[in-house]
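Notes for the structure review
This is what each chain is made of:
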Amino acid sequence: MIASETLATLEFDKILSEISRHAHSSCTIDRIGRIRPLNSLQEIRTISGRIGEIRALDLAGISLALGSFEDIRPSLEQLRPVGAVLPPQELLLFVPVFRLYAALARQCAHRDDIPLLRSIDPPLQGFPDILEPLAASIDADGSIMDSASTLLKEIRRAKRGLAGRIRKKIEEIIRESGIEKFLQDDFITQRSGRWVIPVRMDSKGMVKGVVHDVSSSGETAFMEPLEIIPFVNELENLTAEEKAEEIRILRQLSSWLRDDADQIAACFETLLELDLLNSMARFASVFDLEPAAINEQGSMRLVEARHPLLLMMQKRGLVKQVEPLGLELGGGSGASDPASVMVITGPNAGGKTIALKTSGMLVLMALSGLPVPAGARSTFPLIDSLLVDIGDEQSIERSHSTFSAHAARITAILGQSGTRTLVLLDELGAGTEPLQGAAIACGVLHELQQQGCMVIATTHLSDIIGFVHQTPGMINAGMEFDDASFTPLYRLIIGEPGQSHAVEIARRFGMPERVITFARQMLGNAGSEFAGLLTELRQKRKEFEDLRAALDARDRSLNQRSTDLDARADEVLRIRKEAAEKGWNDAKELISATRRRTNALLDELKREKRSEIADELRQVETELTAQLKPGNEQPELQSLTSVRVGDPVHIRSLRCDGVVLAVDERSGKTRIRAGRMELEVPLAELAAPQSKGGGMKKKPSAGIWRTTIEESEQRELTLIGKRVEEALTELEPFINHATAAGLQEVRVIHGMGTGRLRDAVREELGRHPLVEGFRSGEPHEGRDGATVVTLRT
């Protein structure tokens, strides 16, 4: 349990006050003020998850259907006794609440992306059976409307009619009886519910009627004419009936509310919870906070952390910039694990206490389920207690000096601390003789470490630095200081102690130079040497950081270069594969054309009985197919040791020729144009072009391998007697070659038959990108046994 004094010291109430600005009800504000850190990891994660769901809805442009409402719980308590009746003004409080119930219930009912919000128990319901009569019975100013009941409507209509008759009757009396001259004024009014006219006091005996009131001056008597008394009595009867009906309506509405009072109260708690969560989510969105990660290993890591109160000041223009804080503490017992005790040193007004308070505040927010102003890699420990000693608690009444007040508080902390405790100590060892103060401070740090606490302490005592440096599990840290301008930079440097720079700061604030000189003499050589050592240490660290930054930049550059090379290698492989596939497809077309040609020759040779030539042609076809197949091994190519711009070369990996565009001898790479592509190719990948040297494949002889112009311009393809697969294989290259030859129209002869071949051919033609259209042949073109194809030009 974290004490309320700790919350006050760390100003947690100011965060809650900022959250309250987004609430829709005073009772929600009361609930926000009671937010406290939790010790259940499940509860913390549930609250954090629900806030995250609301923020996700906001990002999608959806806001929870919340609006202003009042606390209905006192009214529900008044209704508990049987027969209790609420006045209209209190009944009116339920209308906006029920409408919020209904709107939120509709909004959440069918959403699958807010499971944690939907798990809030009980789920909201709109109570339409009560809301509708309430809304129809009471208007915005708390009056009961005519629509509340049929009887009430009739009574009020009768009252209005009778009131009109009474007014008309009085006007007739004044006009016909001649009493107008006795009237003080010419208006008709009411006194105590009775209709009266103003008569001069000295003439009241001249008017037949009853005096119901006298003016404050005593000069006017308000008299009710005798002739209207029956009408007024009837009006009073109607008024009594109206009152009775209004009471009945209020009693009925109160009874309905009483019957569902428990459910209404439970739903009101759900409404308060949703308003609370929505306020927390709005607060997080305004300051761009991150969900807090909680761990049970007792480690705390702050990344890009900022104090929320400073962010609020920055938002309002009171602070220009807030420096981020980064630190890591606790989480293990090994030599390489982060330390559990951190001591921060540095100049006055350098940010030591802000670092201390930032750590404590963010832990409080994280344990309350609130998002925090820190990076996503930050993590916070699940602790049982947070103990702080911050500020000067000296007291004249208690005879407490600064030191004795700190000593009393630290003594109490030592008695309350344990393994799941975070301790924050400001100005440890201050307020007494420095040597003894440092010794006591070292003892306190040692004791807290032995108890398993996480500790962050600030101090100005340089004697503590050596103890911390030599003790395993402890680490020094310092607030960075600009030695050139003698100004604090408000950045925490882990592993390096800070300096107080008291003399330099005193000079900066105008202290006389003679005082500064005397102070330096009093400081002595030991202090100067220590300060110089720290300055040199900072310079070494700065050099190391610069070197590390340069190495990181070089590493990123090398990684980027490696990525680029991998991408280029993938591109080369892709181009190689595409080129191989294209070559194989071209070869298949060439083979198909050759096969048609050789088949024609074979038919002719068979007729001439020259079987030996037929066998030779088949052998040539087989060899040609094997040579053109992708992956077929090529003869060894002649390597090149050097090339010049403009030289023709062969690219081994792509198996194609190109021309050298540029040579980079230092990297051993060249830039080659292969067809329409420009590639970067290592020199080792280049060989003599295939058009030269003995490594070339021999071209088939002209008698065996030749495609004539007449063949390319063939206008007809005969597929009669062929299977569908074989026919389609011949159709593709026929269309390609006819297009390449510039033909506009060709004919495919497939015969009549069963129509299967014809349908397959026409289906293929319908998909072909080079075909503009097709039709059945005319009588002289073969009718339905042939298809005339129009090609794209």
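Right above here is the structure, for reference.
For clarity, every value in this text was computed on a predicted model and none was experimentally measured.

Within the protein chain, the regular secondary structure consists of 23 helices and 23 strands. The buried share of the protein chain, reckoned over its 793 residues, is 40%. At a minimum sequence separation of 6, the contacts of the protein chain that also span at least 24 residues come to 67%.

A sheet is described by the order of its strands in space; here four strands give the open sequence β20-β21-β23-β22, paired in mixed fashion. Each having just a single partner strand, β20 (716-718) and β22 (771-776) make up the two edges of the open sheet. Pairwise comparison of adjacent strand axes, ignoring direction, gives a mean angle of 20 degrees for this sheet. With three bridges joining them, β20 and strand β21 (residues 745-749) adopt parallel strand pairing. Of the residues in β21, the one forming a bridge with Glu716 is Arg747. Docked against the sheet, helix α23 (residues 756-767) engages β21, β22 and β23 (786-791), running at close to 155 degrees with respect to β22.

Moving on, we come to the pattern of salt bridges. Counted by the stated rule, this structure contains 40 salt bridges. Here Glu11 makes a salt bridge to Lys14, at a shortest N to O gap of 2.8 Å. For Glu11, a relative accessible area of 23% puts it in the partly exposed group. Across the salt bridge formed by Glu77 and Arg80, the nearest N and O atoms sit 3.8 Å from each other.

The next point concerns the pairing of strand β16 (residues 656-664). Alignment of strand β15 (residues 648-651) against β16, held across four bridges, turns out to be antiparallel. Looking at the pairing, Val649 lines up with Gly658 of β16. Of the pairings in the sheet, the one linking β16 to strand β17 (residues 669-674) comprises five bridges and is antiparallel in character. Its bridge partner being in β17, Val660 is matched across the sheet by Ile672.

With an omega dihedral of 0 degrees, the bond running from Asp121 to Pro122 counts as a cis peptide bond. Tracing the sequence through the fold places Pro122 in the loop between α8 (115-118) and α9 (128-137). Its identity as a non-glycine residue notwithstanding, Glu304 has a phi of 50 degrees, on the positive side. Secondary-structure assignment places Glu304 in strand β6 (residues 299-305). Positive phi, normally seen in glycine, also occurs at Arg783, with a value near 50 degrees. Positionally, Arg783 belongs in the loop between β22 and β23. Given the relative accessible area of 52%, Arg783 is considered exposed.

When you line up the elements, Val645 lands in the loop between α20 (611-628) and β15. With residues near it in sequence (within four places) discarded, Val645 still touches Val660, Leu661, Ala662 and Val663.

Take Ser143: it is sitting in the loop between α9 and α10 (150-177). Using a relative accessible area of 32% as the deciding quantity, one classes Ser143 as partly exposed. As a C-alpha pair, Ser143 and Gln89 span 54 residues in sequence and 8.0 Å in three-dimensional space. Once residues within four sequence positions are removed from consideration, Ser143 is found in contact with Ser137 and Ile138. Looking at Ser143, its side chain comes within polar contact range of the side chain of Asp141, at 3.2 Å.

Before going further, it helps to spend a moment on the side chain of Ser137. Within the fold, Ser137 resides in helix α9. Given a relative accessible area of 4%, Ser137 falls into the buried group. The contact partners of Ser137, leaving out residues within four places of it in the chain, are Ser143, Ile144, Met145, Ala148, Ile249 and Leu253.

Now for the environment of Val95. Within the fold, Val95 resides in helix α7 (residues 94-109). Residue classification places Val95 among the buried residues on the basis of a relative accessible area of 6%. In this structure, the C-alpha to C-alpha distance between Val95 and Leu134, residues 39 residues apart in sequence, is 6.8 Å. Leaving out residues up to four positions away in the same chain, Val95 has contacts with Leu131, Leu134 and Ala135.

Backbone-to-backbone hydrogen bonds pair the strands of a sheet. The strands run either parallel or antiparallel. Across the sheet, four strands lie side by side as β1-β2-β4-β3; this open sheet has antiparallel pairing. Pairing within the sheet leaves two strands with one partner each, and these edge strands are β1 (189-191) and β3 (209-214). Here the average twist between neighbouring strands, direction ignored, is 50 degrees. Bridging between strand β2 (residues 194-200) and strand β4 (residues 220-225) involves four bridges; their strand directions are antiparallel. When the sheet's bridge partners are listed, Val199 is paired in β4 with Ala221. Helix-sheet contacts for helix α11 (residues 229-259) involve β2, β3 and β4, and the interaxial angle to β2 is about 140 degrees.

Their axes nearest at 11 Å, the elements α7 and helix α12 (residues 261-286) cross at an angle of 70 degrees. If you check the angle between α7 and α12, you find them roughly perpendicular. Remark: the crossing between α7 and α12 carries left-handed chirality. Only Ile264, Cys267, Phe268, Leu271 and Leu274 of α12 make contact with α7, whose side of the interface consists of Phe94, Val97, Phe98, Leu100, Tyr101 and Leu104. Considered class by class, the residues forming the contact of α7 with α12 number 11 nonpolar, no polar and no charged.

What follows covers the nonpolar core. Core analysis: the largest hydrophobic core is formed by 103 residues, its most contacted members being Phe98, Tyr101 and Ile264. Looking at this core element by element, the count peaks at 13 residues for α12. Those residues in contact with Tyr101 that lie beyond four places of it in its chain are Ile72, Leu124, Gln125, Gly126, Phe127, Ile264, Cys267, Phe268 and Leu271. Membership of the second largest hydrophobic core comes to 21 residues, among which are Leu428, Ala441, Cys442 and Leu461.

What follows is about helix α4 (residues 41-59). Taking 1.5 Å of rise per residue, 19 residues should cover 27 Å, and α4 covers 27 Å from first to last C-alpha, within 8% of that figure. By the burial criterion, the buried members of α4 are Leu41, Ile44, Thr46, Ile47, Ser48, Arg50, Ile51, Glu53, Ile54, Arg55 and Leu57. Once α4 finishes, Gly61 follows within two positions and takes phi at roughly 80 degrees, a positive value.

Packing of helix α2 (residues 12-20) against helix α13 (residues 308-315) brings their axes to within 10 Å, and their N-to-C directions diverge by 45 degrees. In terms of orientation, α2 lies oblique with respect to α13. In this structure, α2 contributes Lys14, Ile15 and Glu18 to the contact, and α13 contributes Pro308, Leu309 and Met312. Taken together, the residues of the contact of α2 with α13 break down into four nonpolar, no polar and two charged.

Spanning 16 residues, helix α14 (residues 352-367) covers 23 Å between terminal C-alpha atoms, matching the ideal 22 Å at 1.5 Å per step. Of all 16 residues making up α14, 14 are buried, and the element is well covered by its neighbours. Looking one or two residues past α14, Gly369 carries a phi angle of roughly 85 degrees, positive in sign.

Regular strands place side chains that alternate from one sheet face to the opposite one. With five of its five residues buried, strand β8 (residues 341-345) lies for the most part within the structure. As judged from the four bridges shared by β8 and strand β12 (residues 454-458), these two strands associate in the parallel manner. Across the sheet, the residue bridging to Ile344 is Thr458, located in β12.

Conventions we followed
- Residues numbered from 1 in each chain as written.
- Predicted model: local features only at pLDDT ≥ 70, side-chain atom pairs only at ≥ 80, totals over all residues.
- Heavy atoms only, no water.
- Helix = DSSP H or I, 4+ residues; strand = E, 2+ residues; numbered from the N terminus.
- Buried < 20%, exposed > 50% of the residue type's maximum accessible area, 1.4 Å probe, protein only.
- Contact = heavy atoms within 4.5 Å.
- Pairing = 2+ DSSP bridges.
- Axes fitted to C-alpha atoms, helices over the stretch in contact; angles between N-to-C directions.
- Salt bridge = Lys/Arg side-chain N within 4 Å of Asp/Glu carboxyl O.
- Polar contact = N/O pair within 3.5 Å; in protein donor to acceptor, adjacent residues only side chain to side chain.
- Parallel < 35°, antiparallel > 145°, perpendicular 65-115°, else oblique.
- Left-handed = near helix turned anticlockwise from the far one by under 90°.
- Nonpolar A, V, L, I, M, F, W, Y, C, P; charged D, E, K, R; others polar.
- Core = buried A, V, L, I, M, F, W, Y, C linked by side-chain atoms within 4.5 Å.
- Expected span 1.5 Å × (residues − 1).

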